[in-house]
Amino acid sequence: MTDNNIRDDWWKQAVVYQIYPRSFKDVNGDGLGDIAGVTEKIAYLKALGVDAIWLSPFYPSALADGGYDIIDYRNVDPRLGTMDDFDAMERAAHQAGIKIVVDIVPNHTSNEHVWFKQALADGRGSAARDRYIFKEGSGPNGELPPNNWGSLFGGPAWERVDDGQWYLHIFAKEQPDLNWNNPEVHEEFKKTLRFWADHGADGFRVDVAHGLAKKLDGASLKDLSRWTVHDSLSHDGTHPLWDRAQVHDIYREWRQVFNAYTPHRFAVGEAWVVPEHQYLYASPDELGQVFNFEFAKANWDSGAMRTAITEGLKAAERSGSTPTWVMSNHDVPRHASRYGLPQVPSSAHHQLAKDWILRDGSSYFEDRALGTKRARAAIMMETALPGSVYIYQGEELGLFEVPNIPWDRLEDPTPFKTRYNFTEKGRDGCRVPLPWDSNDLPHEASWNDSFGAGASFGFSPKTKADGSVSADPHLPQPLWFKDSSVNVEDGDPDSMLTLYRRCLELRAQLLTPTQQTTIDWLNMGKQAIAYSRNAAEDSGFQRIMSITNFGTEAIELPKGTILLSSHKLPQNGTLPQDVTVWIAA
């Protein structure tokens, strides 16, 4: 166990590793990662130096949206294992000193959830239907949607049922939105939180945390058409769907559940809200922490990165919490690719990267060497900051986005519910199963020789328990994964994996023990992100400086002991472009 994890408020300075279970490790050969696969790799995670793992949804699901369409909130998808498997994983993680965070999805259920099936069966005006948001349609016979809202995944945000009513689905039609004005919904989710806390969950990640409280009554739905589903950044709290003041009543209820446990449980909210509202979700009276997505949205630009850091620190101070830092997750293109593409400002974040993915990686040149260099600099810039760092599986290997997955192998609903190849290709490129073993080569090459067929790179065993050949991974792995496999990087002192391990080791030794929540900016020019922090008392140092050079001109380094650099430094005492250095003084 890390020294940080001994503390009851461990999450305030934690390194949390996000696991997308279906793509992490498959032990039974069905091509899907599973809970037992997480257990198998606990030693790897401990050696990496993380404080906690966050499991994306592993619940029973029809997989209309990568597991975020949940059929049963208090069980494990049989394709991923059993509750016994979860309990075994919990014991192994805790024995290794690793905390567990589970994903809670309270905005919507699956349309195969028992509640929704009952709502359809019981009909108009029923108590079961009131758990969701059903409305009458527009038009002479109600044959048109209640208003013009479009789903975030494309197409209308309303779906008609057999008796003529329409239900709201902000995401896929298989994900009907819950009605949080219904007391039964409140009680059901408090029961779910207790269930997983009783099974050893130390915390929760809250999906779409800003979307639960909706106001659709008391006004014509057509009158609400001036708002869109896509605009979640409401400054005044008047949007009928997003970031409404009433959502905080829900989380104050949840806080009572969290505080009934010793130590208190915590939660981190996925709330895509304006920065000045983040602090509300992160209050000690509510979730405790909220994601700061500014790193994940930013281009490789010193101004954008400085803004991300400044706003993250400010929001955390106002909430009485600690900041969070995120560069990649299961919803955004991998940052090693983003940083290797042309850095062009756009009105929507990642627009150029999404365009590149839409065209199978052919529209812009991906400079992988440059992307890797910047990704190495970025992780050092990020992990020296106070607060919590959230790492997405595979970034520690320096994995790039896989933009050229064949269209007939895609799983994400986005490309099929939008205008197909005129809008975007979706998020599967960052969800491809991890490569563990470069010696486990595919048994054949296919799809223009870019991908391997068969269980490959150690994600699945060669054969199942019955001796039959394992299934292909649920998403195809590119052949270039061979060079980024864990076994290759494990023995390479210059690999991304080695750098991550060293960053987390030094962070735990020199920075985390201070429990500091602030930084001191260093004046080293506009093209530098340079700051210092107190060093741990027993380290022999007073200050630790982190300096990242975004500019073309080399920066003269201050005196001190160089602890680590993201790239080999010249002998003249300067810091080249796209390099980070940690200096102790």
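What you are looking at is a predicted structure, and each value in this text was computed from that prediction instead of being measured.

Analysis parameters
- Residues numbered from 1 in each chain as written.
- Predicted model: local features only at pLDDT ≥ 70, side-chain atom pairs only at ≥ 80, totals over all residues.
- Heavy atoms only, no water.
- Helix = DSSP H or I, 4+ residues; strand = E, 2+ residues; numbered from the N terminus.
- Rg over C-alpha atoms; globule rule 2.2 N^0.38 Å.
- Buried < 20%, exposed > 50% of the residue type's maximum accessible area, 1.4 Å probe, protein only.
- Contact = heavy atoms within 4.5 Å.
- Lys, Arg positive; Asp, Glu negative; His and termini not counted.
- Charge placed at Lys NZ, Arg CZ, Asp CG, Glu CD.
- Salt bridge = Lys/Arg side-chain N within 4 Å of Asp/Glu carboxyl O.
- Core = buried A, V, L, I, M, F, W, Y, C linked by side-chain atoms within 4.5 Å.
- Axes fitted to C-alpha atoms, helices over the stretch in contact; angles between N-to-C directions.
- Parallel < 35°, antiparallel > 145°, perpendicular 65-115°, else oblique.
- Left-handed = near helix turned anticlockwise from the far one by under 90°.
- Nonpolar A, V, L, I, M, F, W, Y, C, P; charged D, E, K, R; others polar.
- Pairing = 2+ DSSP bridges.
- Polar contact = N/O pair within 3.5 Å; in protein donor to acceptor, adjacent residues only side chain to side chain.
- Arc of directions from axis to C-beta.

Visitor: In this structure, what is going on with the overall build of the chain? I would like to understand it.
Guide: What the chain contains, in helices and strands, is 15 helices and 20 strands. Against the compact-globule benchmark of 25 Å for 585 residues, the chain has a radius of gyration of 24 Å, which places it among compact chains. Principal axes of the C-alpha set define a box for the chain whose edges measure 80 × 55 × 45 Å. For the chain, with 585 residues in total, the buried portion stands at 60%. Long-range pairs, those at least 24 residues apart, make up 67% of the contacts in the chain between residues at least 6 apart in sequence. Between the mean site of the 58 positive side-chain charges and the mean site of the 80 negative ones, the chain shows a separation of 3 Å.

Visitor: What is the right way to read the pattern of salt bridges from this model?
Guide: Pairing is possible between side chains that carry opposite charge, provided their charged atoms lie close to one another. In total, this model carries 29 salt bridges according to the counting rule given. Between Lys190 and Glu187 there is a salt bridge, with its nearest N and O atoms 3.0 Å apart. Taken together, the residues span about one helical turn, with Lys190 and Glu187 both in helix H5 (residues 183–198) at a distance of three residues. The salt bridge involving Arg368 is made with Glu366; its shortest N-O contact spans 3.2 Å.

Visitor: Before we go on, may I ask you to explain the nonpolar core in this structure?
Guide: One recurring pattern in soluble globular proteins is that nonpolar side chains are buried together. In this structure, Tyr17, Leu45, Phe58, Phe204, Tyr251 and Trp254 are the most contacted members of the largest nonpolar core, which totals 120 residues. Setting aside its immediate chain neighbours within four residues, Tyr251 contacts Val206, Ala209, Leu212, Tyr281, Asp285, Glu286 and Leu287.

Visitor: Would you take a moment to explain the environment of Pro558 for this structure?
Guide: Of note, Pro558 is situated in the loop between strand S17 (555–556) and strand S18 (561–565). Along the backbone, Pro558 and Met380 are 178 residues apart, and their C-alpha atoms lie at a distance of 18 Å. The residues touching Pro558, leaving out its near neighbours within four places in the chain, are Met524, Met545, Ile547 and Ile583.

Visitor: Is there a simple way to explain the packing of helix H12 (residues 368–383) against helix H15 (residues 496–511) in this structure?
Guide: The relative placement of two packed helices comes down to the angle between their axes together with the axis-to-axis distance. The geometry of H12 relative to H15 is characterised by a closest axis approach of 10 Å and an angle of 15° between their N-to-C directions. In terms of axis orientation, H12 runs roughly parallel to H15. When the axes of H12 and H15 are compared, the crossing they make is right-handed. From H12, Thr372, Ala375, Arg376, Ile379, Met380 and Thr383 reach across to H15, where they touch Met496, Leu499, Tyr500, Cys503, Leu504, Arg507 and Leu511. Taken together, the residues of the contact of H12 with H15 sort by class into nine nonpolar, two polar and two charged.

Visitor: What is the right way to read helix H11 (residues 351–358) from this model?
Guide: For an α-helix, 3.6 residues make a turn, and residues three or four places apart therefore share a direction. Counting buried residues along H11, six of its eight residues qualify, which places the element largely inside the surrounding structure. Residues Leu352, Ala353, Asp355, Trp356, Ile357 and Leu358 constitute the buried set of H11. Close packing links the buried residues of H11 with helix H10 (335–338). Directly after H11, the chain includes Asp360, whose backbone phi takes a positive value near 60°.

Visitor: Explanation requested: the sheet that holds strand S9 (residues 288–290) in the structure shown.
Guide: Across a sheet, strands are paired by hydrogen bonds formed along the backbone, either parallel or antiparallel in direction. One open sheet holds the eight strands; their spatial order is S9-S8-S7-S3-S2-S1-S11-S10, and the pairing between them is parallel. Strands at the two margins of the open sheet, each flanked by one partner only, are S9 and strand S10 (324–326). Averaged over all pairs of adjacent strands, the angle between their axes in this sheet comes to 25°, without regard to strand direction.

Visitor: Can you walk me through the environment of Val38 in this structure?
Guide: In this fold, Val38 is placed in helix H1 (residues 35–40). Sequence spacing of Val38 and Ile19 is 19 residues, and the spatial spacing of their C-alpha atoms is 8.3 Å. Residues contacting Val38, with those up to four places away along its chain left out, are Ile19, Phe24, Ile53, Leu55 and Met89.

Visitor: Is there a simple way to think about unusual backbone geometry in this case?
Guide: With glycine set apart, most residues show a phi of negative sign, and most peptide bonds adopt trans. In the segment running from Thr262 into Pro263, the intervening peptide bond is cis, with an omega of -5°. Within the secondary structure, Pro263 sits in the loop between helix H6 (247–258) and strand S8 (266–269). A positive phi angle, near 55°, is found at Asp243, a position not held by glycine. Mapped onto the fold, Asp243 is located in the loop between strand S7 (203–206) and H6. Under the relative-accessibility criterion, Asp243 is labelled buried at 4%. One non-glycine residue with positive phi stands out, namely Gln515, at about 55°.

Visitor: Looking at this structure, I do not really get the side chain of Gln13. What am I missing?
Guide: Considering the arrangement of structural elements, one finds Gln13 in the segment before strand S1 (15–19). A distance of 3.0 Å separates a polar atom in the side chain of Gln13 from the backbone nitrogen of Gly387. Within the local environment of Gln13, its side chain forms a polar contact with the backbone oxygen of Gln516, the two atoms lying 3.1 Å apart. What Gln13 contacts, discounting residues up to four positions off in sequence, is Asn4, Asp51, Thr322, Pro386, Gly387, Ser388, Arg507, Thr512, Gln515, Gln516 and Thr517.

Visitor: What should I look at first to understand the sheet that holds strand S6 (residues 166–168) in this one?
Guide: Taken together, the three strands give an open sheet; going across it, the order is S4-S6-S5, and neighbouring strands pair in antiparallel fashion. Here the strands that pair on one side only, and so sit at the sheet edges, are strand S4 (134–135) and strand S5 (158–160). Pairing of S4 with S6 involves two bridges; the strand directions are antiparallel. Note on S6: the bridge partner recorded for Lys135 is Trp166.

Visitor: Sorry, what's going on with helix H4 (residues 114–122) here?
Guide: Looking only at H4, the buried set comprises Trp115, Phe116 and Ala119. An end-on view of H4 places all buried positions within 95° of arc, on one side of the element. Across H4 from its buried face, at more than 90 degrees, point the exposed residues Val114, Lys117 and Ala121. Within two residues after H4, Gly123 carries a phi angle of roughly 85°, on the positive side.

Visitor: How should the pairing of strand S15 (residues 528–534) be read in this particular structure?
Guide: In summary, the side chains of a regular strand alternate between the two faces of the sheet. The buried fraction of S15 amounts to six of the seven residues, a majority that puts the element mostly inside the structure. Relative to S15, strand S14 (residues 520–521) is paired through two bridges, and the arrangement is antiparallel. Its bridge partner lying in S15, Trp521 is registered against Tyr531. Connecting the antiparallel pair S14 and S15 is a turn made up of six residues, with Gly525 showing a positive phi of about 100°. Looking at chain direction, S15 and strand S16 (residues 543–549) are connected through seven bridges and run antiparallel. Looking across to S16, one finds that Tyr531 is bridged to Ser546.

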